[in-house]
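Notes for the structure review
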Amino acid sequence: MEKDIVDYCLEYAGTKKIDYAEARAVDIEIEDMVLKNGVLDAYIVTVDSGFCVRILKNGCLGFASSNRWTKPEAKNIVNMAYKLAKNAKRKDKIKFAEEKTVRTKWGVKQKKNFNDVSSEDKINRLLEVDKAIVSQKANVAARMLTCQTRLIKKYFINSEGSAITSFLPKINVAAGGITIVEDGKTEQLPFKEYGYSGGWEAFEKWKLEEDLAREVQVLQRLIREGKATKPGRMDLVCGPEVTGIACHESCGHPMEADRILGREMSQAGRSFIYPGGSFWIGSRLGSDPVTIIDDPTVENSNGYYLYDDEGIKARPRYLYKNGTVNEFLQNRETAAKLDTRSNGA
């Protein structure tokens, strides 16, 4: 990552008649490995690196990006973003909510650095997990394991004086398609993912051999003891996988302020919350115990970050509080439209 190129973008953008400008660089080192039925199917190392510019002029936004780290290219990218903003025609002008200037550095430490563990050791560790899956007294017909590590570096600056540098190491392991066959019947664990912001120490924290061996036993038990449920109305206790996906899809996405204001309506559908609709801030949707929090500041969580990509400090967002709609997921643009502040989303 060449910070001087990003600095030059903002400096050059400042020579034009604009309302606001920002420049951002992202550098991601990625290591991917895939095991299919105990055989290494893929091993990939890549680096994604680039920078982008956003310019606000006369209530219109222009955006451009590149992965060519030269000053002439940086100048071209600024000119492109400026041209797009200048030529755009909008009836509803874009504004950004006023926010504090931030100059800081933040990062997540690795107790066991990814780069201190050889690729061979990482693959062997994944093979050990695979052995634990097939060592159970069950006919495991198929399984797949993936592991991805990422070292994410970002640099953000804007015309308001903010400058934020960050470093975020992440690791994700997924077990998919674990299929058990017995007496002509099959059960499958479609997908189970483990995510962590930190270093290779996550592998030991998860205790994957124990956890996935237990999943195999559960699948086998379903075949042997599972019974069809009679249709009808009944109480339901949900595990974290079901609760998590329901919260994400049915409670999280509908609270995105840009979707509430109509964005993505033709692609993903409208939120059940919208201006002039039956539900808004303060509307009751559930019983008192129902509180749903979107919190990127949980230490070592998969979605961890301290500042978003507009330079706004992250915090827990209480989307629903004691059964009522409490707040939306806001960026600076939607916050200005709804006369509030961004909450780092």
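Residues numbered from 1 in each chain as written. Predicted model: local features only at pLDDT ≥ 70, side-chain atom pairs only at ≥ 80, totals over all residues. Heavy atoms only, no water.

With that out of the way, let us pick up the overall build of the chain. Summing up its helical and strand segments, the chain has 9 helices and 10 strands in all. With the principal axes as the frame, the chain shows a C-alpha extent of 75 × 55 × 35 Å. Sequence-distant contacts in the chain: of pairs separated by 6 or more residues, those separated by 24 or more amount to 66%. As presented, the chain carries roughly 19,300 Å² of accessible surface, and 50% of it is formed by carbon and sulfur atoms. Treating the 53 positive side-chain charges of the chain as one cloud and the 49 negative ones as another, the clouds have centres 5 Å apart. (Helix = DSSP H or I, 4+ residues; strand = E, 2+ residues; numbered from the N terminus. Contact = heavy atoms within 4.5 Å. Areas by Shrake-Rupley, 256 points an atom, 1.4 Å probe, with all protein chains shown as cover. Lys, Arg positive; Asp, Glu negative; His and termini not counted. Charge placed at Lys NZ, Arg CZ, Asp CG, Glu CD.)

L145, C147, I171, I178, F203, W206 and L212 are the most contacted members of the largest nonpolar core, which has 30 residues in total. If you list the elements that add at least two residues to this core, you get β1 (20-36), α3 (119-134), β5 (140-158), β6 (163-182), β7 (185-197), α4 (202-206) and α5 (208-225). Once you skip the residues sitting within four places of it in the chain, I171 turns out to touch F114, C147, Q148, T149, Y194, G195, Y196, G199, W200, A202, F203 and W206. Among the nonpolar cores identified, the runner-up in size contains 24 residues, and C9, A21, A25 and W69 belong to it. (Core = buried A, V, L, I, M, F, W, Y, C linked by side-chain atoms within 4.5 Å. Buried < 20%, exposed > 50% of the residue type's maximum accessible area, 1.4 Å probe, protein only.)

For helix α2 (residues 71-87), spanning 17 residues, the distance from its first C-alpha to its last is 24 Å, which sits close to the expected 24 Å at 1.5 Å a residue. Those residues of α2 not exposed but buried are E73, A74, I77, V78, A81, Y82 and A85. For α2, the elements touching its buried residues are α1 (3-13), β2 (39-57) and β3 (60-66). The N-terminus of α2 is capped by T70, whose side-chain oxygen sits 3.1 Å from the backbone nitrogen of E73. (Expected span 1.5 Å × (residues − 1). Polar contact = N/O pair within 3.5 Å; in protein donor to acceptor, adjacent residues only side chain to side chain.)

Spatially, β8-β9-β10 is the arrangement adopted by the 3 strands of the open sheet, whose pairing is antiparallel. The sheet terminates laterally at β8 (292-294) and β10 (324-325), the two strands that pair on one side only. As paired elements, strand β9 (residues 317-321) and β10 share 2 bridges and run antiparallel to each other. If you follow K321 over to β10, its bridge partner there is T324. (Pairing = 2+ DSSP bridges.)

Here we take up the pairing of β2. Pairing of β1 with β2 involves 17 bridges; the strand directions are antiparallel. Counterpart to R24 in the pairing with β2 is C52. Hairpin remark: β1 followed by β2, antiparallel, with 2 residues in the connecting loop; positive phi at N37, about 50 degrees. Both β2 and β3 contribute to a ladder of 7 bridges, which runs antiparallel. The partner of K57 across the bridge, within β3, is C60. What sits between the antiparallel neighbours β2 and β3 is a turn of 2 residues, in which N58 has the positive phi angle 50 degrees.

Another aspect to go through is the side chain of T324. Here T324 is to be found in strand β10. Classification of T324 as buried rests on a relative accessible area of 17%. Residue contacts for T324: discarding those within four places in its chain leaves G282, S283, R284, L285 and L319.

This brings us to the pattern of salt bridges. Under the defined criterion, the tally for this structure stands at 26 salt bridges. In this structure, the salt-bridge partner of E99 is R341, at a minimum N-O distance of 2.9 Å. In this pair, E99 sits in the loop between α2 and β4 (103-107) while R341 sits in the segment after α9 (332-337), placing the two residues 242 residues apart along the sequence. Given a relative accessible area of 45%, R341 falls into the partly exposed group. (Salt bridge = Lys/Arg side-chain N within 4 Å of Asp/Glu carboxyl O.)

These figures capture arrangement, not role.
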